[in-house]
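# An overview of the molecular structure
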Amino acid sequence: MTDTRRRVKLYALNADRQWDDRGTGHVSSCYVERLKGTSLLVRAESDGSLLLESKIQPDTAYQKQQDTLIVWSEGDNFDLALSFQEKAGCDEIWEKICQVQGKDPSVEITQDIVEESEDERFDEMSDSVQPVELPACEMGRLEDISELVNSCLVSPARKDKLAAALESQHYIKKLLNLFRMCEDIENIEGLHHLYEIFKSIFLLNKNTLFDTMFADDTIFDVVGCLEYDPSLPQPKKHREYLRELAKFREAIPIKNQDLLAKIHQTYRVQYIQDIVLPTPTVFEDNLLSTLSSFIFFNKVEIVKLIEEDEKFLTDLFKLLMDDKTPNSKRRDLVLFLKEFCNFSQNLQPQDKDAFYKTLVTLGIQPALEITLSIDDQKTKTASIDILTYIVEFSPSVVRDYTLQQANNTEEEQMLLNIVIEQMLRDRDPELGGAVQLMGVLRILLDPESMLASVNKSEKADFLNFFYKHSIQTLIAPLLANTTGEKPLREDYHTVQLLGLVLELLAFCVEHHTYHIKTCILNKDLLRRILVLMRSTHTFLVLGALRFMRRIIALKDEYYNRYIIKGNLFAPVIDAFLRNNGRYNLLDSAILELFEFIKLEDIKSLCSHVVENYGKILEDVEYVQTFKALKTRYDQHQDKLKERDRVSGSVAVAEAVVPSLLRTRYRREARTPDDEEEMWFTDDDELDDDAPLDSAQPHTHAHHALDAIGKIVEKKVCSNTDTVNGPSRVLLSTTVSNKPTHTDVQVSSPRLLNKGLVDYDGDSDEEEDGGGGGGSSSGSGSSTSEERDAKRPRLA
């Protein structure tokens, strides 16, 4: 079959509570006459044989998990599961099941099963189930006890009955007594049964049983039972680790015994969940939810107990910031604070806000300035974690503190500069701390997290602070390593660090338009970064290229002029040529850069690339990018030439004609319309900038007026009667050794505006057919060619 939506794996739960794979096939739902109802059918993918035929019962609890899993029970001891290849197929079958049972498909379980006494109907169902009778708690009956406990896990009602029986008969403590006896006589078989029993008790998911198992006098015996996993050749030594290797260090002596007991219990239960218990399968993810809740509420209670003890936290911060405190002690204090912040993640939002306000009031930020600079890896790592918790919760808290330091703290002692300095000094080969601090800086510099701030000027103030006091610290290693034509240092640690700096700077280019632009232009930063294009580490070359790509993506002409003036495409072209057409990420990234310039039609960059590198790139034929750039460039040049030709002709005509029109003609006494007013206003400006040549006033006047006369008459006559039409223009021009009076009668004043002049036409041809009254009378000795050479070409 080709329908992958219905492709499933069929699982069945075996007696050992493990899921067996029963085969892969395709599921369908249809009415089966023999079963008298709609059923689920699974046919094998290999041979089409029937793997499953299960009638959808109206009272069976079907459960949908993780969007691709449907689990249900067929009888008391037979659980089935369908694991779908695609979510769509799971949704389709789930809707069919819900339709048969009359349920809303949005539910995740078709039959409401609520624990304890939360639902009366379920209470009645539970009451109808016979109570679980536990065998006598004897060493010889351990196998029977194990089988009974396992059998009860398949039914929620029986799980409740078993939990009630274990609690009422104090059965857990009896089992732990048997454990000590089995261990004393080295009864390995009995210890294996006890492992299975307690693993199943955990899956009962009952808080009341956890209270018993995690008490101080029982928890180590419970851990001991879980050491004897039958699948392991030798038992684990979890108790030895918890008692001897896991040492509790009190950063400050804790006098509250309830708090102390809760801390120990939480650590041990967390160890059981993370280390001792086997990793739950996908079908058991929700079976230990009560255990997770137990740990969760313990952590919340620990945080509240510590917050209530004001003297404890005050003493802790006082000791943390005391110059006389040894670094070993300070390390313990910071590690305690880290766990304290970690536990606070379980608080409700309002409680978490109060928690961090308390830390800020006590001086967490000045304390971090001290601990971040300590040359101890554990202290530094824990301090970075604390700072990350604070910034992720409220970056404004750190920004406000930083701005307060602007006028009263030296730059190298400012918290922001300490963070940058520690990022640049990270000695970890993998730069784990540097990566984490870079993430902190990115959050602090993100304008999106500043928009909702109560302080409306936070964005401007903080960015001004950063670019005034901190940017030079961030780019210092970059500038130091790019003083020549190639990077000075190429060790892996250095280039990794420069890669982080480039990533942060690229983020700034994208989000800080004005400030980072000033920095780049003033410090010639892009040129220095492009030196890294000569690095032997390809990822650093790509980082430098990515930085330039972010700049070009802004399509900012200030950046474009900077790139052109500095010829900053040279390192990119050089890297492209050195790559020699190899099909790799560098080749694709460079081609994408030029493709972007072409698609976005960035004319200045397109012209620069073609004019300076066109000859070099014209042989690249395996992509059409550079040929397309050249075509785009040619189109630009054609348009520019046409525009220059038109504007040049306009400039000549506008310099001669309007001035004469203004000084030699009497206009009708009327108010000029807007179009004419604009024409004459422009003439005034052009006349001031480009005055007529005073050496030959008669010649200019003669030719200009001669041409105007011909054109006016032709334009009018071409649209009216050439002899006595109503729009006939009478133009009489007399030119002698001195300028004389000229009379103009224009019945259509609009013919004198700029639209009259057409620089694309041929004036010679139009003179020949210009109609009556179009000849010049001012220069009888001049030839037609001479006049054409002197006058502007008019249409």
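Residues numbered from 1 in each chain as written. Predicted model: local features only at pLDDT ≥ 70, side-chain atom pairs only at ≥ 80, totals over all residues. Heavy atoms only, no water.

Let us now look at the pairing of strand β4 (residues 50-55). Sheet analysis places strand β3 (residues 37-44) next to β4, joined by five bridges and oriented antiparallel. Considered in β4, the bridge of Leu40 is made with Ser54. (Pairing = 2+ DSSP bridges. Helix = DSSP H or I, 4+ residues; strand = E, 2+ residues; numbered from the N terminus.)

Looking now at the nonpolar core. Core analysis: the biggest nonpolar cluster contains 123 residues, and Leu505, Ile520, Leu526, Ile552, Ile563, Phe569 and Phe594 have the highest contact counts within it. At 12 residues, the largest contribution of residues to this core is made by helix α22 (residues 492-511). Residues contacting Ile563, with those up to four places away along its chain left out, are Leu526, Met548, Ile551, Ile552, Leu568, Phe569 and Leu605. Grouped together as the second largest cluster of nonpolar side chains are 50 residues, Val149, Cys152, Leu191 and Val222 included. (Core = buried A, V, L, I, M, F, W, Y, C linked by side-chain atoms within 4.5 Å. Buried < 20%, exposed > 50% of the residue type's maximum accessible area, 1.4 Å probe, protein only. Contact = heavy atoms within 4.5 Å.)

Another point: helix α12 (residues 310-320). Since the α-helix advances by 3.6 residues per turn, residues separated by three or four positions end up pointing in the same direction. The set of residues buried in α12 consists of Phe312, Leu313, Leu316, Phe317 and Leu320. One side of α12 holds all its buried residues, which, seen down the axis, span an arc of 120°. Opposite the buried face of α12, at more than 90 degrees from it, the exposed residues are Glu310, Lys311 and Lys318. Residues of α12 that are buried in the fold lie against α11 (289-308), α13 (327-344), α14 (349-362) and α15 (364-372). (Arc of directions from axis to C-beta.)

Turning our eyes to something else, we now look at the confidence of the model for the protein. A low pLDDT score tells you not to read the predicted coordinates there in detail. Looking at the protein as a whole, its pLDDT mean stands at 79, while 76% of the residues score no less than 70. Every residue in residues 113-127 scores below 50 in pLDDT, and together they form 20 contacts with partners more than four places removed in sequence or on other chains. Below a pLDDT of 50 lies the segment residues 707-795, which in the model reaches 127 contacts outside its immediate sequence neighbourhood of four places, other chains included. (pLDDT = per-residue confidence, 0-100.)

In terms of burial, strand β1 (residues 7-13) is a largely internal element, five of the seven residues being buried. Pairing between β1 and strand β2 (residues 19-32): seven bridges, direction antiparallel. Residue pairing across strands places Val8 opposite Gly25, the latter belonging to β2. As judged from the five bridges shared by β1 and strand β7 (residues 79-84), these two strands associate in the antiparallel manner. Directly across from Tyr11, in β7, lies its bridge partner Ala81.

With that settled, consider the sheet that holds β3. Consider a sheet: its strands pair through backbone hydrogen bonds, and that pairing is either parallel or antiparallel. Taken together, seven strands build an open sheet; the order of strands is β4-β3-β2-β1-β7-β6-β5 and the sheet is antiparallel. Looking at the sheet topology across the chains shown, the edges are occupied by β4 and β5 (63-65). Adjacent strand axes in the sheet meet at a mean angle of 30° when their direction is disregarded. In terms of strand pairing, β5 meets strand β6 (residues 69-73) through three bridges, oriented antiparallel. (Axes fitted to C-alpha atoms, helices over the stretch in contact; angles between N-to-C directions.)

Under the counting rule described, the total for this entry stands at 18 aromatic pairs. Consider the rings of Tyr356 and Phe393, whose centres lie 4.8 Å apart with planes at 25°: the pair is stacked. Residue Tyr356 is found in helix α14, and its partner Phe393 is found in helix α16 (residues 377-393); the two are separated by 37 residues along the sequence. The buried category is assigned to Tyr356, whose relative accessible area is 6%. Relative accessible area serves as the criterion here: at 30%, Phe393 is assigned to the partly exposed category. An aromatic cluster is defined as three or more aromatic residues linked by ring pairs; in this entry it consists of Phe312, Phe336, Phe340, Phe355, Tyr356 and Phe393. In this structure, Arg549 packs its charged tip against the face of Phe596, placed 4.0 Å from the ring centre. Lying over the aromatic face of Tyr558, Arg561 brings its terminal NZ or CZ to 5.0 Å of the ring centre. (Phe/Tyr/Trp six-rings, centres within 6.5 Å; stacked < 30°, edge-to-face > 60°. Lys NZ or Arg CZ within 6 Å of the ring centre and 35° of its normal.)

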